[in-house]
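Listed below are the residues making up each chain.
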Number of protein chains: 2
Amino acid sequence: MATYGIGVDLGGTNYRAASIDKDGKLLDKIAGPTNSAAGREAILGAIVSAIVALRDRRDADELAGIGVALPGFIDMQKGLILASPNVPPFSGFHARDALRERLGAPVILENDANAAALGEKWMGAGRDVDDLLLLTLGTGIGGGIICDGRVLHGFMGMAAELGHVTVDPTGNPCACGNRGCLEKHASATAISAMARFLNLGENLTSQQVCELAAAGNQAARRVFELMGSALGIGLANYVQIFNFPLYLLSGGVLPAWEFFAPAMFRELNERSLTYRSTQTRVEKATLGSDAGLFGAACLPFQSQRASA
Amino acid sequence: MATYGIGVDLGGTNYRAASIDKDGKLLDKIAGPTNSAAGREAILGAIVSAIVALRDRRDADELAGIGVALPGFIDMQKGLILASPNVPPFSGFHARDALRERLGAPVILENDANAAALGEKWMGAGRDVDDLLLLTLGTGIGGGIICDGRVLHGFMGMAAELGHVTVDPTGNPCACGNRGCLEKHASATAISAMARFLNLGENLTSQQVCELAAAGNQAARRVFELMGSALGIGLANYVQIFNFPLYLLSGGVLPAWEFFAPAMFRELNERSLTYRSTQTRVEKATLGSDAGLFGAACLPFQSQRASA
């Protein structure tokens, strides 16, 4: 009987792997550098070693399978990583079959933002719901949509590009080709850019802008008002579209909650009739950087239920 | 064995009822006035008579059930119509149980825009896909989302408010409380308002503006460019969020396709990386005003499969 899964969260800088039991209890954890410069084989070897080490410490017969979360676009049918800008050697790599061959166990790939959303649903702030949307406010803005307990992928695995929706049609130009993407108005990068524009400093991080806001700096507070307002416009649209019970925020900008949340909730109230007339919750995610790891480990259990 | 379903499309002015077989073939049809002024009991009586007449012409044992599509918000669990501005006597009415009691057959209620999306999926332009989004461009803009073959309802049945998403944060004020709703920039009403603003005429219908555009009137063409641009911004967001293979347009504005589509596709191309890099289709719906009727008749078959 399958009692545990192994999840891997492969990032551009580090990877983490963990065995987690079917009730979501973290049993064991290994981490290391991704070392993209060393190439595909080196990364693959490191991940495989970590998974084997975790499996060797338990009963291999009880392993449900292995989930791997990583940044990039994935062809779910083929188990092919179409593009992974943060882990370049894995772009164009049939990673699922390569891992399955070396490990002799079922492997499922998932986009890291989707995995984080699934992790929050399984063991985080979304435990009590079947439908939620997660926005990760970091250098960029990523996201994942959980619909009826499962990741919404879209027909090419490109759903939930939640940072690249228009919140201001004449807004800031984005590398994706659009203008006024949510990401250009509400990410950590956008906060730094707004601080520069308001003469707060040339190279402030969003954390430093947050510290200035905490010290009472009015321009820094204005930055978070603008950021919160853009975020509220985006969230109001998501609430109108999905009518989910829960929308979660995570990522490096989260500590600035007290400075951006008032403007965010004001926009939500003004712009979304559904928000005003239902008990819709917009809350902080709770698993932090472990969300993707939990989501990855959850994947083999979901797969078992689906085929049962 | 269930071989046919009965669908009812209850509108503010007229109702239509049809028996449709499990393969989507329309067998029989009855229509009449809704007559809201006569009150709840009169409307209910008319619908029940139509359904009984349709059933009496076939084998009652082969009836899968009855689906009723109507405008308004529905509590799906309770079978309660929370609000129906176009059929006021049905607001606050437990219509499902009332119909079930009188008919002795399973009854399912559905919002009319959701039913139209389901109808297009079953027998219309979406027959070859499991996921689609339908936008109905009429006096207002409504919509429905079909995800994995089924209607996306949201936790309070308020999902797919696709006309009330922000496409311009400083745009036209909307009765829903927002500014810059898609509906205020791309519906038939918005087209009339833009025609007035551009001095084309005080009370032109969207059809008359379309006729002017067809005759070469530049201001009328400008109206449809603005409308198509707003529609493209909204659609680009939907493509980024869902990555569905198909987005359908229907409603009274559809005959102006040749005048608004170029601006719509231009915005889609510029604003959605997913649109540019996948074979995403944006097309005309094909069932016209019958979409809701087909969707309603499809509901009992879906319900049977779900409980089988």
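Check the entry above for the structure.
Residues numbered from 1 in each chain as written. Chains lettered and ligands numbered in written order. Predicted model: local features only at pLDDT ≥ 70, side-chain atom pairs only at ≥ 80, totals over all residues. Heavy atoms only, no water.

**Student:** Summarise the relation of the copies chain B and chain A; cite the residues concerned and give the values.
**Tutor:** Overlay of chain B on chain A (RMSD 0.0 Å): rotation 180 degrees, translation along the axis 0.0 Å. This pairing of chains is accounted for by a two-fold axis. Within chain B, the C-alpha atom positioned nearest to the axis of rotation is that of Asp168 of chain B, 3.1 Å from it. Same-surface contact between copies: 100% of interface residues of chain B are shared with the interface of chain A. (Least-squares fit on C-alpha atoms with pLDDT ≥ 70 in both. Contact = heavy atoms within 4.5 Å.)

**Student:** Provide a residue-level description of the interface of chain B and chain A, including the pertinent values.
**Tutor:** Listed by partner, the interface residues are 41 residues for chain B and 41 residues for chain A. Connecting chain B to chain A are zero salt bridges. Taken together, the connections running from chain B to chain A amount to 24 residue pairs in polar contact (both at pLDDT 80 or more). Those elements that place two or more of their residues in the side of chain B that touches chain A are strand E9 (141-147), helix H7 (218-242), helix H8 (257-271) and helix H9 (273-277) of chain B. Per-element tally for the side of chain B that touches chain A: the top contributor is H7 of chain B, with six residues. By residue class, the composition of the side of chain B that touches chain A is 20 nonpolar, 15 polar and six charged. (Salt bridge = Lys/Arg side-chain N within 4 Å of Asp/Glu carboxyl O. Polar contact = N/O pair within 3.5 Å; in protein donor to acceptor, adjacent residues only side chain to side chain. Helix = DSSP H or I, 4+ residues; strand = E, 2+ residues; numbered from the N terminus. Nonpolar A, V, L, I, M, F, W, Y, C, P; charged D, E, K, R; others polar.)

**Student:** Can you break down the nonpolar core residue by residue, with the values?
**Tutor:** Counting 102 residues, the largest nonpolar core has Leu231 and Phe260 of chain A together with Leu231 and Phe260 of chain B as its most contacted members. Ignoring sequence-local partners within four residues, the contact set of Phe260 of chain B consists of Leu137, Phe224, Met227, Gly228, Leu231, Leu249, Val253 and Leu254 of chain B. (Core = buried A, V, L, I, M, F, W, Y, C linked by side-chain atoms within 4.5 Å. Buried < 20%, exposed > 50% of the residue type's maximum accessible area, 1.4 Å probe, protein only.)

**Student:** Give a description of empty space enclosed by the protein that names residues and reports values.
**Tutor:** Per the counting criterion, the structure on display carries two cavities of 30 Å³ or more. Put simply, the largest cavity is a space of about 70 Å³. Every residue lining the largest cavity is counted, 13 residues in all, and those nearest its centre are Asn237 and Ile241 of chain A together with Val165, Asn237 and Ile241 of chain B. For the lining of the largest cavity, the secondary structure elements donating two or more residues are helix H7 (218-242) of chain A together with H7 of chain B. Of the residues that constitute the lining of the largest cavity, the class distribution is seven nonpolar, six polar and no charged. Its boundaries defined by the atoms lining it, the second largest cavity holds a volume of some 30 Å³. If you go around the second largest cavity, the residues you meet are Gly72, Ile74, Met76, Glu110, Asn111, Asn114, His153 and Gly157 of chain A. A class-by-class count of the residues in the lining of the second largest cavity yields two nonpolar, five polar and one charged. (1 Å grid on protein atoms, 1.4 Å probe; cavity = no way out; pocket = protein on both sides within 12 Å on 5 of 7 lines; lining within 4 Å. Points joined across faces, edges and corners; volume = space filled by probe spheres on them.)

**Student:** Outline the layout of surface pockets, listing residues and values.
**Tutor:** Estimates place the volume of the largest pocket at around 1800 Å³. Contributions of two or more residues to the lining of the largest pocket are made by strand E5 (73-75), strand E7 (107-111), strand E10 (150-151) and helix H10 (291-307) of chain A together with strand E5 (73-75), strand E7 (107-111), strand E10 (150-151) and helix H10 (291-307) of chain B. Here the element with the most residues in the lining of the largest pocket is H10 of chain A; it accounts for four residues. For the lining of the largest pocket, the class distribution of residues is 24 nonpolar, 13 polar and 12 charged.

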